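Observations on the three-dimensional arrangement
What follows is the residue order along each chain.
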Amino acid sequence: MSVKFFKGVKLKSQIEDLYRRTGFTKESCFHASRRMKKHDNLSLMAMTTLSFGLIIVSMMSQVYEDNVFIVRHNRFIGFSITSMSVFALAFSVLVHKSGFGVRAEGYRKQAMAISDLRISFRPLLENESGDGRSREEIYSEKSEGYAKILNGNIVHDQIDYLVSSTQGVEKRYYSLKLFLSEFFWYWMVFILIFLLVVWVFSGVYHEEMSR
């Protein structure tokens, strides 16, 4: 009797542990999906902003080619346009190869599959067998299903787990770490192209007004 009791306690502990792990994995996958979607949106915005800014600077340098400011800084403006154009080309290739949108959908589907699996845990958590099978059989089936989902799909990064499973100061720390390591450079692109456009526009405008 005692052996059976301890076996039942051990199985319950295993069930609860598996349920807990699937919960963490589900939230990590949803976070990974949001992270990839943010990459997809920011990369599109960065490419659009970069292209639009380069067009403006290029047009101004041609329309106002006799402007004192353009003549004085012609080499630097030309270098900026060329270097940023090369960067835009390399960036577009990188974005294409990264496939952020496809990966975001993959993570989302994986999270949904794990969510469905967690719903099917209810008979185990409520001490029901279901379909005449023992809890051991159901537990074994759910474990195999969980492993199959993980093996058949992409795996989220460690940062997704750290951000989605922590709270308070620790969560803010990992969120900041994620921003600095993956998203900060997008804003650097926005700032640099904005500063270049403003610098050229203000310089040309000042020289035109001083004539």
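Quick note: structure is the one above.
Residues numbered from 1 in each chain as written. Predicted model: local features only at pLDDT ≥ 70, side-chain atom pairs only at ≥ 80, totals over all residues. Heavy atoms only, no water.

Regarding its fold elements, the protein chain presents 8 helices and 0 strands. Ordered by position in the sequence, the α and β elements of the protein chain form the string α-α-α-α-α-α-α-α. Out of the 211 residues belonging to the protein chain, those deemed buried represent 34%. Residue pairs at least 24 apart in sequence account for 83% of intrachain contacts in the protein chain once pairs closer than 6 positions are excluded. As displayed, the protein chain offers around 13,500 Å² of accessible surface, 63% of which is attributable to carbon and sulfur atoms. (Helix = DSSP H or I, 4+ residues; strand = E, 2+ residues; numbered from the N terminus. Buried < 20%, exposed > 50% of the residue type's maximum accessible area, 1.4 Å probe, protein only. Contact = heavy atoms within 4.5 Å. Areas by Shrake-Rupley, 256 points an atom, 1.4 Å probe, with all protein chains shown as cover.)

In this section: the packing of helix H3 (residues 74-98) against helix H8 (residues 168-209). It is at 12 Å that the axes of H3 and H8 come closest, and there the two elements cross at 155°. Here H3 is positioned roughly antiparallel relative to H8, judged by the angle of their axes. When you trace H3 past H8, the crossing you get is left-handed. The segment H3 lies against H8, with Phe 76, Ile 77, Ser 80, Met 84, Phe 87 and Phe 91 engaging Trp 185, Tyr 186, Val 189, Leu 192, Ile 193, Leu 196, Trp 199 and Val 200. Grouping the amino acids of the contact of H3 with H8 by side-chain chemistry returns 13 nonpolar, 1 polar and no charged. (Axes fitted to C-alpha atoms, helices over the stretch in contact; angles between N-to-C directions. Parallel < 35°, antiparallel > 145°, perpendicular 65-115°, else oblique. Left-handed = near helix turned anticlockwise from the far one by under 90°. Nonpolar A, V, L, I, M, F, W, Y, C, P; charged D, E, K, R; others polar.)

Let's shift gears to the environment of Gly 53. Structurally, the position occupied by Gly 53 is in helix H1 (residues 2-63). Separated by 141 residues in sequence, Gly 53 and Phe 194 have C-alpha atoms that sit 7.2 Å apart.

A separate point is H3. If you check H3, its first and last C-alpha atoms are 36 Å apart, about what 25 residues at 1.5 Å a residue would give, namely 36 Å. Of the residues making up H3, those classed as buried are Ile 77, Ser 80, Ile 81, Met 84, Ala 88, Phe 91 and Ser 98. After H3 finishes, the residue Gly 99 shows a positive phi value of roughly 55°. (Expected span 1.5 Å × (residues − 1).)

With that settled, the discussion passes to the pattern of salt bridges. Across all of its chains, the model carries 8 salt bridges by this definition. Notably, a salt bridge pairs Lys 26 with Glu 27, separated by 3.4 Å at the nearest N-O pair. Under the relative-accessibility criterion, Glu 27 is labelled partly exposed at 35%. For Arg 35, the salt bridge identified is with Asp 157, shortest N-O distance 3.2 Å. (Salt bridge = Lys/Arg side-chain N within 4 Å of Asp/Glu carboxyl O.)

What follows concerns the packing of aromatic side chains. Describing an aromatic ring pair means giving the distance of the ring centres and the angle of the ring planes. What the rule picks out here adds up to 12 aromatic pairs. Taken together, a centroid distance of 5.8 Å and an interplanar angle of 85° make the contact between Phe 24 and Tyr 161 edge-to-face. Residue Phe 24 is located in helix H1, and its partner Tyr 161 is located in helix H7 (residues 158-165); the two are separated by 137 residues in the primary sequence. Judged by relative accessible area, Phe 24 falls into the partly exposed class, the value being 30%. Judged by centre distance (5.9 Å) and plane angle (15°), the ring pair of Phe 87 and Phe 91 falls under stacked. A residue pair is termed a helical-turn pair when its members lie 3 or 4 positions apart in one helix, as Phe 87 and Phe 91 do in helix H3 at 4 residues. On the basis of relative accessibility, which here comes to 34%, the residue Phe 87 falls in the partly exposed class. In textbook terms, an aromatic cluster arises when at least three aromatic residues are bridged by ring pairs, as seen for Phe 87, Phe 91, Phe 183, Trp 185 and Tyr 186. The residue whose ring lies beneath Lys 38 is Phe 183, and the NZ or CZ to ring-centre distance is 5.2 Å. For the cation-ring pair, Arg 118 lies above Tyr 19, with the distance from its terminal atom to the ring centre recorded as 3.9 Å. (Phe/Tyr/Trp six-rings, centres within 6.5 Å; stacked < 30°, edge-to-face > 60°. Lys NZ or Arg CZ within 6 Å of the ring centre and 35° of its normal.)

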